[in-house]
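Descriptive structure summary
Take a look at the letters that make up each chain.
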Amino acid sequence: MTQPTSDATAAPKSMDDIVALCRRRGFVFQSSEIYGGINGFWDYGPLGTELKRNLKNAWWTDMVHRELMGPFGAPVDIVGVDSTIIMNPKVWEASGHVSGFNDPMVDCRETKARYRADHLFVQRFELDGTTAGFATVGAGVDEARKAIDADRARRKVPHGYGGLANAIAKVRFGVTEAALDDLVPFDTLDATARAAVLAPEAKEVGTLTEPRMFNLMFETFVGALRSDDAKAYLRPETAQGIFANFENVVNSTRVRVPFGIAQIGKAFRNEVTPRNFTFRSREFEQMEIEFFVHPSQAPEWYAFWRDTRFAWWQSLGLAGGNLQLREHDADELAHYAKEGAGTSDIEYRFPFTAPGFGELEGVAHRSDYDLRQHAEHSGKRDKMKYFDQERNERYFPHVIEPSGGADRGTLALLCEAYTPDESRASKVYMAFHPRLAPVKAGVFPLVNKDGMPEIGERLYRQLRKRFVCEYDPKQSIGKRYARMDEAGTPYCFTIDGQSVEDQSVTVRHRDTQAQERIGVDHVERFLTERIGGA
Ligand code: ATP
């Protein structure tokens, strides 16, 4: 199921322009930039920090604090935890990450490029009825790209294979007509076939190494000795900190199944090919809920969370055709997902994935896999089972997990908000939802004299008790509006000559640039009505 289908023909925004604005206005910087950066790590500047914080706060407020109605007519119960990044390494043996959290990696001996073998798609050729080789279709990269896009659209390939077309070999045999098979990932080919693949940008055939499994967890050592006994990992997901605390939470609070535990925090993955700005980073933040239910109610809760989470992203302004919900096919299900259980991705069409989509959040029915694993590995066995007083039954609850990325979410908000507009001095404005906008209001005396700054400063001091605001008495008013447009500030209040006489100010609306007059006493209420207590 894919809904809603989107207008894949809309011209994508320029990622280069978005990245440039992020740097210029202090949304996102390269980590350690003065030393040339470090691949896969990003810092947030002042505006980006506010934006990401607003996103995380909205998530926490809406999921943990505010009342949500569940699928059985009772309010949804969720509590929070804040677990450590480094945990006992047995956690990661139990969860399957030590043995299974691997990506297949290949290197090109000729170009020295490195790829994820499962992201490198290959086209098989038939020549005179015999398999002649493996490469892309068409006479060159452009035709190959079209063929790949057509194939991707036909099969609804979900992920951000924006670099896919580049990552596919050019024609090997000069064949322009070929039987079109489905594109297949490199790591699914046998050794003979792999040796016949022409790698991206390579001149020779067969320059790709055999895929090697690479564990994505960052290792570290706890204590003074760097021995195997002291080895530990930086967590690759926040979820296990929740599972490991399941019993503690049940015993220390009044929550009863069905209930959820939420956590926001850092996760670390030594990604083979970090790319696409913050989309695939090596350090990032997750916003996860593990929601524990009676196994018989898992389907209803799964559907509830899938729909609730999709609607939540829509409510923050990702409302158009750039957002889609995609239910996984049976062959995509993760190791923990029971057959017949659902997994879906909430996907956003990033400029670098367009016309395809990239994952923003996964919603998965994880069955009772994790709790069982921890019960087994910790030696607690059946003692870790939950006792359901109402049902008079002891069982391992099933888990529905909405797992979103705070950085991917922030990136989607930045991409969605970025709106070129030639009619403005700034040529662009950031159309953030007012709730998420880093700065809620600008307060500007038209000129820095004649009683205007006094009214402006008073208003600013009043507003900043509740809202992040900027006061700027200098520069031309056009420049000040332009700065606010680039920051995505939804409202600017300007104090002019008339304000001194009748205590009114103009409100400038960011998206329409329309202006209206309201009393200076009404400004706080005006903002509260539009932004709320967010
Ligand atoms: P992908 O297939 O893109 O690697 P995933 O399916 O491995 O993602 P999950 O393990 O389901 O991702 O993690 C949940 C969420 O965490 C993702 O939806 C995404 O928002 C975020 N996330 C995962 N890996 C990264 C990363 N390397 N950089 C930024 N965010 C990430």
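All values reported here derive from a predicted model rather than from experimental measurement.

Before going further, it helps to examine the overall build of the protein. On a plain count of helices and strands, the protein comes out with 15 helices and 27 strands. Within the protein, buried positions represent 52% of all 534 residues. Once local pairs closer than 6 in sequence are excluded, the contacts in the protein between residues at least 24 apart make up 68%.

Turning next to the sheet that holds strand 10 (residues 212–215). In space, the three strands of this open sheet follow the order 6-5-10, with antiparallel pairing throughout. With one partner strand each, in any of the chains shown, strand 6 (114–116) and strand 10 form the two edges of the open sheet. Averaged over all neighbouring strand pairs, the angle between strand axes comes to 45 degrees, with direction disregarded.

This part is about the pairing of strand 17 (residues 358–367). Burial analysis of strand 17 places nine of its ten residues in the buried class, which makes it a mostly covered element. As defined by bridge partners, strand 16 (residues 343–348) adjoins strand 17 across six bridges and the pair is classed as antiparallel. Its bridge partner lying in strand 17, T343 is registered against A364. In this structure, strand 17 lies alongside strand 20 (residues 398–405), joined through six bridges in antiparallel fashion. Counted as the bridge partner of G362 is S403 from strand 20.

Glycine aside, residues mostly have negative phi, and peptide bonds are mostly found in the trans state. Omega for the peptide link from V257 to P258 comes to 5 degrees, which places this bond in the cis form. For P258, the position within the fold is in the loop between helix 8 (246–252) and strand 13 (259–268). At the junction of A354 and P355, the peptide bond is cis and its omega measures out at 5 degrees in the coordinates. By the element assignment, P355 lies in the loop between strand 16 and strand 17. Even without glycine at this site, S32 takes up a positive phi of about 50 degrees. Examined against the element boundaries, S32 turns out to sit in the loop between strand 2 (28–30) and strand 3 (42–44).

The rules behind the values
Within any chain, residue numbers begin from 1 and follow the written order of that chain's sequence. Selection of residues for local features in this predicted model requires a pLDDT of at least 70, selection of side-chain atom pairs for listing and counting requires 80 or more, and totals for whole chains, interfaces and linings are taken over all residues. Computation of side-chain values: all heavy atoms of the structure, hydrogens and water removed. The way it works is that DSSP assigns letters per residue, a run of H or I at least four long becomes a helix, a run of E at least two long becomes a strand, and they are numbered from the N terminus. The classification of residues rests on relative accessible area computed with a 1.4 Å probe and restricted to protein chains. Under 20% of the type maximum is buried, over 50% is exposed, and intermediate values are partly exposed. Residue contacts are counted whenever heavy atoms from the two residues lie within 4.5 Å of one another. Pairing between strands requires that DSSP locate at least two bridges from one strand to the other. Helix axes use the C-alpha atoms of the stretch in contact, all axes being lines fitted to C-alpha atoms, and the angles between their N-to-C directions lie in the range 0 to 180 degrees.

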